[in-house]
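Here is what each chain is made of, one letter per residue.
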Amino acid sequence: MYQKYKNVETVKPGGLELKDRLVGVQRVTKVTKGGRAFGFSAIVVVGDENGVVGHGLGKSKEVATAIAKAIEDAKKNLIRIPLNKGTLPHEQKGKYGGARVYIQPASHGTGVIAGGAVRAVLESVGVQDVLSKSQGSSNPHNVVKATFDALLQLRDARTVARQRGISLEKVFKG
C-alpha cells in the first residue's frame, strides 16, 4: 500500500494500545430492479497516540459491522511516523485525488489546529501541536489519504543524516 515511499516502517498491531476514531459514515444506495438497496461505508483511523497510525475502510449493510470492518482494515495498515517533542519534524504538503493537505510544526501549547479528517489522523498519531490547512476536495476519504501522504514524507534528522551520509551535527550546522 505504501510502496512509493522510501522509509516507511510498518508496524504489527500486537501489543499496542490502539484507539480508533471514526472519520465518517456514508449511506450508499444501489438501485436494483426490486427497489433501492442501502448499505454503509465507514472510514476509521486507528493509532496509539505515540507515532503509530493506520486508516481503513469498511462496507456493510449495517453501520456497526461497517465500522468493525474498517477498524480491522486499519489495523492491517499501521505505520510509524517520526515525531519531535509532540509536534512534526518539519512542514509538509500531501496530495491525494483532489484533496491537498498542508501540515506545519507548531510551538508547545498551540494545540491541534486542524479540521475534520485531518484532525482525526493527527490526534491518532499523537501530535499535540500542529498547524494544518486542508484545501481542494473535502471528501473525507481523500483528505485522510492526503494527510497520510504528507505524514509518510516526513523525515527526522537522523534519517536525513543517514540518507546524506553525513553527521547529525552537520545536518543542523551546515
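Not measured: the values here are computed from a predicted model.

The rules we used
- Residues numbered from 1 in each chain as written.
- Predicted model: local features only at pLDDT ≥ 70, side-chain atom pairs only at ≥ 80, totals over all residues.
- Heavy atoms only, no water.
- Salt bridge = Lys/Arg side-chain N within 4 Å of Asp/Glu carboxyl O.
- Helix = DSSP H or I, 4+ residues; strand = E, 2+ residues; numbered from the N terminus.
- Buried < 20%, exposed > 50% of the residue type's maximum accessible area, 1.4 Å probe, protein only.
- Domains from an automatic or database assignment.
- Polar contact = N/O pair within 3.5 Å; in protein donor to acceptor, adjacent residues only side chain to side chain.
- Nonpolar A, V, L, I, M, F, W, Y, C, P; charged D, E, K, R; others polar.
- UniProt positions renumbered as here; feature names shortened; annotations may be inferred.
- Pairing = 2+ DSSP bridges.
- Contact = heavy atoms within 4.5 Å.
- Axes fitted to C-alpha atoms, helices over the stretch in contact; angles between N-to-C directions.
- Parallel < 35°, antiparallel > 145°, perpendicular 65-115°, else oblique.
- Left-handed = near helix turned anticlockwise from the far one by under 90°.
- Expected span 1.5 Å × (residues − 1).

Caption draft 1: Quick look at the pattern of salt bridges. As enumerated under the stated definition, the model contains four salt bridges in all. Across the salt bridge formed by K19 and E49, the nearest N and O atoms sit 3.4 Å from each other. Residue K19 is found in strand 2 (residues 19-32), and its partner E49 is found in the loop between strand 3 (35-47) and strand 4 (52-60); the two are separated by 30 residues along the sequence. By relative accessible area, which is 44% here, K19 ends up partly exposed. Close ionic contact of E49 with R21 constitutes a salt bridge, the shortest N to O distance being 3.1 Å. Placement of the pair is E49 in the loop between strand 3 and strand 4 and R21 in strand 2, with a sequence separation of 28 residues.

Caption draft 2: Structural detail: the domain arrangement of the chain. According to the domain assignment, the chain consists of domain 1 (9-79) and domain 2 (83-165). Taking only C-alpha atoms, the centre of domain 1 and the centre of domain 2 are 21 Å apart. In this structure, the connection of domain 1 to domain 2 is made through one salt bridge. Notably, a salt bridge pairs R21 with E123, separated by 3.4 Å at the nearest N-O pair. At the boundary of domain 1 and domain 2, one finds six residue pairs in polar contact (both at pLDDT 80 or more). For the side of domain 1 that touches domain 2, the secondary structure elements donating two or more residues are strand 2, strand 3 and strand 4. Partitioning the side of domain 1 that touches domain 2 into residue classes produces eight nonpolar, seven polar and three charged.

Caption draft 3: Representation of the UniProt feature "domain: S5 DRBM" (unreviewed entry) in the chain. Mapped onto the present numbering, the UniProt feature "domain: S5 DRBM" (unreviewed entry) falls on residues 18-81. Between the C-alpha atoms that bound residues 18-81 there is a distance of 15 Å. The span itself is 22% helix and 59% strand.

Caption draft 4: Spatial organisation of the sheet that holds strand 5 (residues 79-80). Ordered in space as 1-5-4-3-2, the five strands form an open sheet in which the pairing is antiparallel. Strand pairing shows two members of the sheet lacking a second neighbour, strand 1 (9-10) and strand 2, which therefore form its edges. Relative to strand 3, strand 2 runs antiparallel, the two being bridged by 13 bridges. The residue of strand 3 that forms the bridge with R27 is F40. Contacting strand 2, strand 3 and strand 4, helix 1 (residues 63-76) runs over the sheet at an angle of about 145 degrees to strand 4.

Caption draft 5: Spotlight on the packing of helix 2 (residues 116-125) against helix 3 (residues 140-152). Packing of helix 2 against helix 3 leaves a shortest axis separation of 8 Å and a crossing angle of 40 degrees. By the angle between their axes, helix 2 is oblique relative to helix 3. Seen along the crossing, helix 2 lies across helix 3 with a hand that is right-handed. Where helix 2 approaches helix 3, its residues A117, V118, V121, L122 and V125 are matched on the opposing element by P140, V143, V144, T147, F148 and L151. Split by residue class, the contact of helix 2 with helix 3 holds ten nonpolar, one polar and no charged.

Caption draft 6: Structural view of helix 3. Here helix 3 spans 18 Å end to end across 13 residues, near enough to the 18 Å set by a 1.5 Å rise per residue. The buried count for helix 3 comes to eleven of 13 residues, which makes it a mostly enclosed element. Among the residues making up helix 3, those that are buried are H141, N142, V143, V144, A146, T147, F148, D149, A150, L151 and L152. Capping the start of helix 3, N139 holds a side-chain oxygen 3.0 Å from the backbone nitrogen of H141, two or three residues further along.

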